[in-house]
Amino acid sequence: SAVISQKPSRDICQRGTSLTIQCQVDSQVTMMFWYRQQPGQSLTLIATANQGSEATYESGFVIDKFPISRPNLTFSTLTVSNMSPEDSSIYLCSVARTGWSSTDTQYFGPGTRLTVL
Amino acid sequence: GESVGLHLPTLSVQEGDNSIINCAYSNSASDYFIWYKQESGKGPQFIIDIRSNMDKRQGQRVTVLLNKTVKHLSLQIAATQPGDSAVYFCAERLLGGGPLVFGKGTRLSVIA
């Protein structure tokens, strides 16, 4: 397994501002992902964070709104830009250790609970 | 604090009984499946996984059953305990890899 930490654990932000969420893993991993979990909902993939290149975004998510960095194999950030109340969600970092294998287990961080007023 | 799964289907079971949580997955090309448990205020926690070349896999107190014909996955929890109360999600991945795609989730409530 992997030990994943996220900062901040929760935040309350004003409309129009931006928040950067950090994800740190205790060991090097090949794949890092960012998910969103809206209240009472399941998890939706935002993007795959690629080391050394631009993140790969899923349909409905764009780089201008959710810029992502991945400077090395243990760290990634997700920024939620120009926030609105609809961005109030739990944001989850997830990792897969060995790569794009179909049987590679994904592990999740504790999540960042964001409330936008 | 925030609560996950406010509007999810709920399964209520008596402590000590067996629980069965069901999931219909979407893609017949999916090759790998995982069940996760998410307690309030926490991220999803891996429970058990199964590949598409298997019909059944057992862990400690948990069993996952896979029916590829009807694209159905189930999680059985034996002798359910209060600590099993949580939201349970199934997730699937396509053959060849890629990120997991999650199902809707079920809230399990254990009655002491």
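Quick note: structure is the one above.
Residues numbered from 1 in each chain as written. Chains lettered and ligands numbered in written order. Predicted model: local features only at pLDDT ≥ 70, side-chain atom pairs only at ≥ 80, totals over all residues. Heavy atoms only, no water.

Novice: I'd like a description of the sheet that holds strand β5 (residues 56-58) of chain B, backed by residues and values.
Specialist: Residues and elements named next belong to chain B. Reading across from one edge, β2-β7-β6-β5 is the order of the 4 strands in this open sheet, with antiparallel pairing throughout. The open sheet is flanked by β2 (19-24) and β5, the only strands paired with a single partner. Along the sheet, successive strands turn relative to each other by an average axial angle of 15°, direction set aside. Summarising the sheet, β2 and strand β7 (residues 72-77) pair through 6 bridges and their orientation is antiparallel. Residue A24 lies in a different strand from β7, and its bridge partner there is H72. (Pairing = 2+ DSSP bridges. Helix = DSSP H or I, 4+ residues; strand = E, 2+ residues; numbered from the N terminus. Axes fitted to C-alpha atoms, helices over the stretch in contact; angles between N-to-C directions.)

Novice: Account for the packing of aromatic side chains, naming residues and giving values.
Specialist: Overall, the coordinates contain 10 aromatic pairs over all chains when judged by the stated rule. Each ring, one from F66 of chain A and one from Y91 of chain A, has its centre 6.5 Å from the other, and the planes form 45°; the classification is tilted. Residue F66 of chain A is found in the loop between β6 (56-57) and β7 (68-72), and its partner Y91 of chain A is found in strand β9 (residues 89-96); the two are separated by 25 residues along the sequence. Taken individually, F66 of chain A and Y91 of chain A each receive the classification buried, so the pair is uniform in this respect. A centroid spacing of 4.5 Å and a plane angle of 55° characterise the contact between Y25 of chain B and F33 of chain B, whose relative ring orientation is tilted. In terms of burial, Y25 of chain B and F33 of chain B fall into one category: buried. Through a chain of ring-to-ring contacts, three or more aromatic side chains come together here, namely Y35 and F108 of chain A together with Y36, F89 and F102 of chain B. (Phe/Tyr/Trp six-rings, centres within 6.5 Å; stacked < 30°, edge-to-face > 60°. Buried < 20%, exposed > 50% of the residue type's maximum accessible area, 1.4 Å probe, protein only.)

Novice: Please provide a residue-by-residue account of the environment of F102 of chain B, values included.
Specialist: Looking at the element boundaries, F102 of chain B is found in strand β9 (residues 101-102). Separated by 60 residues in sequence, F102 of chain B and K42 of chain B place their C-alpha atoms 17 Å apart.

Novice: Can you tell me about unusual backbone geometry, naming the residues and giving the values?
Specialist: Of the consecutive residues K7 of chain A and P8 of chain A, the connecting peptide bond is found in the cis state with omega at -10°. Position of P8 of chain A relative to the elements: it lies in the loop between β1 (4-7) and β2 (10-13). In this structure, K71 of chain B takes a positive phi of about 55° despite not being glycine. Looking at the secondary structure, you find K71 of chain B in the loop between β6 (62-67) and β7. A relative accessible area of 28% means that K71 of chain B is categorised as partly exposed.

Novice: Go over the state of the cysteines, please, and point to the residues and values.
Specialist: Within the structure shown, the criterion is met by 2 disulfides over all chains. Across a sulfur-sulfur distance of 2.0 Å, C23 of chain A and C93 of chain A are joined as a disulfide pair. When the S-S torsion is -65°, as for the bridge of C23 of chain A with C93 of chain A, the disulfide is left-handed. With C23 of chain A in strand β3 (residues 19-25) and C93 of chain A in strand β9, this residue pair connects regions lying 70 residues apart in the sequence. The side chain of C23 of chain B participates in a disulfide bridge whose partner is C90 of chain B; the two sulfur atoms lie 1.6 Å from each other. Placement of the pair is C23 of chain B in strand β2 and C90 of chain B in strand β8 (residues 86-94), with a sequence separation of 67 residues. C90 of chain B shares its class with C23 of chain B; the two are buried. C13 of chain A takes part in no disulfide bond, and the closest cysteine sulfur to it belongs to C23 of chain A, at a distance of 18 Å. (Disulfide = S-S within 2.5 Å.)

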